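Structural overview for review
Here are the chains, one letter per residue:
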Amino acid sequence: MTIARQNTAASFHDSKSINISIFLNFVRLATKEVKVFYWYIHAYWTILSVMLLTLTSLIYLIIHRSLSKLLRVLMHRDEWKVSSTK
């Protein structure tokens, strides 16, 4: 029992090894948490990117349809002006 106490006391007196081991444990834990967070966000990032692409496509289609309707109206007005001048 005295040998165990001496070894324990000796390991606690070496403060550099304790700090390094605590730091390494912290780095391992942080790395694990970052990996878990990455895989958690990765799935949502895929869904978010598909939703963003869909939203962009819908906005483009709405603008395109509105402009095509507007141009049709303007073209019809020009045709009427041309036909009325004949």
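Our structure's up above, just so we're on the same page.
Figured I'd write up the structure that's included with this text. The structure displayed is predicted, hence computed values, not measured ones.

Attention now moves to the overall build of the chain. The number of helices and strands found in the chain is two helices and zero strands. Taken as a whole, the chain presents about 8,600 Å² of accessible surface, with 72% of it coming from carbon and sulfur.

With that out of the way, let us pick up the packing of aromatic side chains. Scanning all chains against the criterion turns up two aromatic pairs. A centroid spacing of 5.4 Å and a plane angle of 75 degrees characterise the contact between Tyr38 and Trp39, whose relative ring orientation is edge-to-face. The exposed category is assigned to Trp39, whose relative accessible area is 58%. Measuring from centroid to centroid gives 5.2 Å for Tyr40 and Tyr44, while their planes differ by 65 degrees, and the two rings are edge-to-face. Taken as a pair, Tyr40 and Tyr44 lie in helix α2 (residues 15–85) at a separation of four residues, close to a single helical turn. Tyr44 gets classed as partly exposed once you look at its relative accessible area, which sits at 47%.

Thresholds, definitions, all that
All residue numbers refer to position in the chain's written sequence, counted from 1. Local features in this predicted model are restricted to residues whose pLDDT is 70 or higher, and side-chain atom pairs enter the listing and the counts only when it is 80 or higher, whereas totals over whole chains, interfaces and linings include all residues. Excluding hydrogens and water, the side-chain values take into account all heavy atoms of the structure. Helix and strand assignments follow DSSP, with helices taken as H or I runs no shorter than four residues and strands as E runs no shorter than two, numbered in order from the N terminus. In these tables, accessible area is a Shrake-Rupley quantity obtained with a 1.4 Å probe, and a residue counts as shielded only by the protein chains included in the view. Planes of paired rings set the category: under 30 degrees apart is stacked, over 60 is edge-to-face and the rest tilted, where pairs are Phe, Tyr or Trp rings (Trp by its six-membered ring) whose centres lie within 6.5 Å. Each residue gets one of three labels from its accessible area relative to the maximum for its type: buried under 20%, exposed over 50%, partly exposed in between, using a 1.4 Å probe on protein chains only.

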